[in-house]
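An overview of the molecular structure
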Amino acid sequence: MLTKKVLALFPSSQGLEVTWSSVVKIGQSLYREGPGKDPFRPDQKTPVKNFFLAGSYTKQDYIDSMEGATLSGRQASAFICDAGEELVALRKELAASECKELKEASYNADKLSLV
């Protein structure tokens, strides 16, 4: 039975012999958090600029599970993308400021040369 399932899932295993197998089922496979502990789990976005966290231990709906880790990764990536957009906006702002300063310096130089 198990060999048929392995062959169905992994066709490249044709010709291989299963020598040992084990199925592990854990009834309570999820971490059980005590009451009132949720506020102590860290967010994906930290107070440190451009430092983000991802993992099943962070704030998300599925405590300590693969689903929670995946959701946390998606949330962290969204914050990272937002940080990238902020960085692009900051670069544009700095470029505009530098351009304005250059124009003012050029204007002041022209005024001095007229004197």
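Scroll up to find the structure.
Residues numbered from 1 in each chain as written. Predicted model: local features only at pLDDT ≥ 70, side-chain atom pairs only at ≥ 80, totals over all residues. Heavy atoms only, no water.

Thoughts on the overall build of the protein chain
Definition in use: Only DSSP runs of H or I reaching four residues or more are called helices, and only runs of E reaching two or more are called strands; each is numbered from the N terminus. To sort residues, take the accessible area from a 1.4 Å probe on protein chains only and compare it with the maximum for the residue type: under 20% means buried, over 50% means exposed, and anything in between is partly exposed.
For the protein chain, the helix and strand inventory stands at two helices and zero strands. Buried residues in the protein chain amount to 13% of all 115 residues.

Thoughts on unusual backbone geometry
A positive phi angle, near 60°, is found at Asn50, a position not held by glycine. Within the secondary structure, Asn50 sits in the loop between helix 1 (2-9) and helix 2 (66-114).

With respect to a nonpolar patch on the surface
Put simply, the rule reads: Each patch is assembled from residues with relative accessible area greater than 30% and no salt bridge, linking like charges that lie within 9 Å and nonpolar side chains (Val, Leu, Ile, Met, Phe, Trp, Tyr) that lie within 5 Å. In these tables, accessible area is a Shrake-Rupley quantity obtained with a 1.4 Å probe, and a residue counts as shielded only by the protein chains included in the view. For this document, the term salt bridge refers to a Lys or Arg side-chain nitrogen within 4 Å of an Asp or Glu carboxyl oxygen.
A cluster of nonpolar side chains, Leu87, Leu90 and Leu94, forms an exposed patch at the surface whose accessible area comes to about 260 Å². Among the structural elements, Leu87 can be located in helix 2. Here Leu87 falls in the partly exposed class, since its relative accessible area comes to 42%.

So, the pattern of salt bridges
Taken as a whole and assessed by the stated rule, the structure comprises one salt bridge. Between Asp38 and Arg41 there is a salt bridge; the shortest N-O distance is 2.7 Å. Asp38 gets classed as partly exposed once you look at its relative accessible area, which sits at 36%.

Description of the side chain of Gln44
Selection criterion: Polar contact is defined as a pair of N or O atoms within 3.5 Å, subject to the rule that within protein one atom must be able to donate a hydrogen and the other to accept it, and that residues adjacent in sequence are counted only when both atoms are side-chain atoms. Any two residues whose heavy atoms approach within 4.5 Å at even a single point are treated as in contact.
Along the polypeptide, Gln44 turns up in the loop between helix 1 and helix 2. A distance of 3.1 Å separates the side chain of Gln44 from the side chain of Gln75, its partner in a polar contact. For Gln44, the residues in contact, after removing those within four places along its chain, are Phe51, Phe52, Leu53, Thr58, Lys59, Gln60, Ser72, Gln75, Ala76 and Phe79.

Section: the side chain of Arg41
Inspection of the secondary structure puts Arg41 in the loop between helix 1 and helix 2. The class of Arg41 is buried, set by a relative accessible area of 8%. Engagement of the side chain of Arg41 in a polar contact is seen with the side chain of Asp38, the distance being 2.7 Å. Of the polar contacts made by the side chain of Arg41, one reaches the backbone oxygen of Thr58; its length is 2.5 Å.

None of this, on its own, says anything about what the molecule does.
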